[in-house]
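Results of the structural survey
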Amino acid sequence: MANRGNWNSKIGFILAAAGSAVGLGNLWRFPYTAGNNGGGAFLICYLLSVIIIALPVLIAEITLGRFTQKNPVGAYQTIRNTWLWKGVGFIGVASGFMILSFYSVVAGWTVGYFTKSVRGHFIGITPTIAKEQFGTFAADSLFQLVLLSIFILLTIYVVSKGVSGGIEKYSKILMPMLLGILLLMLIRSLTLKGASEGVEFYLNPDFSKITAKTIVAAMGQAFFSLSLGMGTMITYGSYLSKKDNIPSAAAWVVGIDTLVAIMAGFIIFPALFSQGMNPADWGPGAMFEALPVLFDKMPLGMLFGPLFFLLLAIAALTSTISILEVPVAYFIDQKGWGRKKAACIIGAIALLFGIPSALSQGAVPALGKLPLVNTDFLDLWNFIWGNLSLSIGALMVAIFVAYVWKSQKAIAEIRGSSTFKLAPLWEVLIKYISPILIFIILLGFFL
Ligand code: PHE
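Residues numbered from 1 in each chain as written. Predicted model: local features only at pLDDT ≥ 70, side-chain atom pairs only at ≥ 80, totals over all residues. Heavy atoms only, no water.

1. Some points on the packing of aromatic side chains
With the rule as written, the count across this model stands at 36 aromatic pairs. Ring centres 5.8 Å apart and planes at 75° place the aromatic pair F90 and Y330 in the edge-to-face group. Of the two residues, F90 is situated in helix 5 (residues 83-118) and Y330 in helix 14 (residues 301-335); the sequence distance between them amounts to 240 residues. Taking relative accessible area as the criterion, F90 reaches 44% and is therefore assigned partly exposed. For the ring pair Y113 and F137, a centre distance of 5.0 Å and an interplane angle of 80° mean the geometry is edge-to-face. (Phe/Tyr/Trp six-rings, centres within 6.5 Å; stacked < 30°, edge-to-face > 60°. Helix = DSSP H or I, 4+ residues; strand = E, 2+ residues; numbered from the N terminus. Buried < 20%, exposed > 50% of the residue type's maximum accessible area, 1.4 Å probe, protein only.)

Here you go:
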């Protein structure tokens, strides 16, 4: 156990967990997914998913982690040592590899776009040139691989420093910085000419747009954004001290994450609408095609541009750290590896898995349009691992905590350190509402 470590303070845990939650999921994935799925209608499905489905699962994951003090595989095994549950934990570890692989590609873009904006590549840019620039950027295989490697190396560096020495120290500085920069962006975006049209699309729900696809996208987005369903919050919970108040920590994490997603919408929607971009057409690269034009048009844009991409890179780093931490904790706990060795080897493997995603946006045309699914490799990976796999993982956590470990035992663990007045409500949510809804939504999507 000497290798495991602990958070130094409760605020350290909240910042680290919020750092994990807040990332490309909020700023890159949320706006384009909302744009593709009807704007306001998606927002409502998303908020409902967060409160009714995801928050109870978040409490379950943190509590399971703190009780067992283990990585996901070890956590399941401690309570029920069967192949089924070991397998479920293992799928979480595998999802970690896969999410890290494509996530780091987009994170690499933020670094690339940071350097492009600092070097003034966006001065006098038009929408057509911006599209071309992204095309050229994404088709440059060598540059794509360099950016992916840089990002994975940064992640390995922080994770190998360990829980409180690395993750906590960085999150403490980075999270507040990030919120400050976002606020500036928001004020700027809302005062743009034509902003109101974007706000309207974002806040005015058109319920006729809600389909099985909208709902599964909204639910998957809630899990992705809150880092649920693969064991991140089990792992982070395992470093939480026995004195901390779990429901309040969970509420803080959900509050901060949702606030940032909503703010991101208020930044991206008005910006894109003022430029006449049709939200139904937004894809993984859309943000990178659209924002340079915005920055060029706005006063102080040459300052806001680099700031924004720096902010995104920082937010992405506090998330990739938490993704890599899951397999690293597994190899430390279960295989007795050292932290540095685990971080380096797993990071290197994730890098290899990331190569097809990195080359799928123009560098290798065959990866850009896969047969049958009719989408590119990155987008496909994003959906399989970032949406379906996390939803199944979250369903399994809910079932495990409610029925295998038993919700009453979880409540006792929570009450060991704080009052939990809403325990009866949480019990109903984790036993019935959350798992049944996840199941029905997944079923509705597949049928
Ligand atoms: N929640 C992170 C984000 O929104 C992504 C993430 C997913 C992190 C799953 C950990 C686990 O960017």
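Additional details are given in the paragraphs that follow.
2. Brief notes about empty space enclosed by the protein
In this structure the tally under the stated criterion is three cavities of 30 Å³ or more. The space that makes up the largest cavity amounts to roughly 130 Å³. Residue lining of the largest cavity: 17 residues in total, with S20, Y103, F224, S227 and I323 positioned closest to the centre. Secondary-structure elements contributing two or more residues to the lining of the largest cavity are helix 1 (10-21), helix 2 (24-36), helix 5, helix 10 (212-225) and helix 14. The volume enclosed by the second largest cavity comes to roughly 40 Å³. Residue lining of the second largest cavity: W28, P31, Y32, I268, L272, W282, A286 and M287, and that is the complete set. Listing elements by their share of the lining of the second largest cavity, those giving two or more residues are helix 2, helix 12 (246-273) and helix 13 (286-297). Of the residues forming the lining of the second largest cavity, the biggest block, three residues, is contributed by helix 2. Of the residues belonging to the lining of the second largest cavity, the class tally is eight nonpolar, no polar and no charged. (1 Å grid on protein atoms, 1.4 Å probe; cavity = no way out; pocket = protein on both sides within 12 Å on 5 of 7 lines; lining within 4 Å. Points joined across faces, edges and corners; volume = space filled by probe spheres on them. Nonpolar A, V, L, I, M, F, W, Y, C, P; charged D, E, K, R; others polar.)

3. Regarding the site of the ligand
Looking at the ligand, there are 15 residues lining it, with A21, G25, Y103, F224 and S227 nearest. Within the backbone of S20, one N or O atom sits 3.2 Å away from a nitrogen atom of the ligand. Between the ligand and the protein, one listed contact pairs a nitrogen atom with a backbone N or O atom of F224 at 2.7 Å. Relative to its unbound accessible area of 320 Å², the ligand is 100% covered by the protein chains. Taken atom by atom, the bulk of the ligand overlaps the largest cavity. Breaking the shell around the ligand down by element, the ones donating at least two residues are helix 1, helix 2, helix 10 and helix 14. For the shell around the ligand, the residue count by class is six nonpolar, nine polar and no charged. (Near = heavy atom within 4 Å. Polar contact = N/O pair within 3.5 Å; in protein donor to acceptor, adjacent residues only side chain to side chain. Areas by Shrake-Rupley, 256 points an atom, 1.4 Å probe, with all protein chains shown as cover. Sits in = over half its atoms within 2 Å of the grid points.)

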